[in-house]
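# Results of the structural survey
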Amino acid sequence: MAATLPAEVLQDDIAVSLARVTAAANKHARELGVDVVQSLITITQLPLNGSLLWRINYGPKDYVGRRGGDLIIEVDPSDASIKRVLWGQ
């Protein structure tokens, strides 16, 4: 579904950065076989040597009674490159 974003949204550096890193992480997660639509997605900023990374976590929506299996992708917001991929146990 396409939507036109107001100018103030496109001028919000955090919103645009988050959209870019989420798109990059979603693409990589799909390539690894994760059903992104059926995942509970959480996002965290991680400080790293004076800059930051975004950590995107993909877990099951029905997590009660389940352990592990999450996919974690860390993305550099400066170029939307994948820096690290972790699988939960």
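Residues numbered from 1 in each chain as written. Predicted model: local features only at pLDDT ≥ 70, side-chain atom pairs only at ≥ 80, totals over all residues. Heavy atoms only, no water.

## Examining the confidence of the model for the protein
Selection criterion: Each residue carries a pLDDT value, the predictor's own confidence for that position, ranging from 0 to 100. In DSSP terms, a helix is any run of H or I states spanning at least four residues, a strand is any run of E spanning at least two, and both are numbered starting from the N terminus.
Mean pLDDT over the protein works out to 88, with 90% of the residues at or above the 70 mark. Summarising per-element confidence for the protein, the mean pLDDT is lowest in helix α1 (residues 7-10) (78) and highest in strand β3 (residues 71-76) (96).

## Regarding the sheet that holds strand β2 (residues 51-60)
Condition: For two strands to be treated as a pair, DSSP must find at least two bridges joining them. Lines fitted to the C-alpha atoms define the axes, with helices restricted to the stretch that makes contact. Angles between their N-to-C directions range from 0 to 180 degrees.
Strand order in the open sheet made by the 4 strands is β1-β2-β3-β4, with antiparallel pairing throughout. In this open sheet, the two strands that pair with only one neighbour each are β1 (39-48) and β4 (81-87). Each adjacent strand pair in this sheet contributes to an overall mean axis angle of 20°, direction not counted. Strand direction decides the pairing type here: β2 and β3, joined by 5 bridges, are antiparallel. Paired with N57 across the bridge in β3 is I72.

## Let's talk about unusual backbone geometry
Convention followed: Here the term buried applies to any residue with accessible area under 20% of the maximum for its type, exposed to any over 50%, and partly exposed to those in between, with areas from a 1.4 Å probe on protein chains only.
The phi dihedral of N49 is positive, around 50°, even though this residue is not glycine. Here N49 shows up in the loop between β1 and β2. For A80, which is not glycine, the phi torsion reads 60° and is therefore positive. Inspection of the secondary structure assignment puts A80 in the loop between β3 and β4. Looking at A80, the relative accessible area reads 18%, which means it is buried.

## Some details on a nonpolar patch on the surface
Spelled out, the test is: By definition, no residue in a patch forms a salt bridge, and every one has over 30% relative accessible area; like charges are joined within 9 Å, nonpolar side chains (Val, Leu, Ile, Met, Phe, Trp, Tyr) within 5 Å. Accessibility throughout is a Shrake-Rupley quantity obtained with a 1.4 Å probe, and a residue counts as covered only by protein chains that appear here. Here, a salt bridge means any Lys or Arg side-chain nitrogen found within 4 Å of an Asp or Glu carboxyl oxygen.
Together, L5, V9, L10 and V16 make up an exposed nonpolar region whose accessible area comes to about 310 Å². Considering the arrangement of structural elements, one finds V16 in helix α2 (residues 13-31). Residue class for V16 comes out partly exposed when judged on its relative accessible area of 31%.

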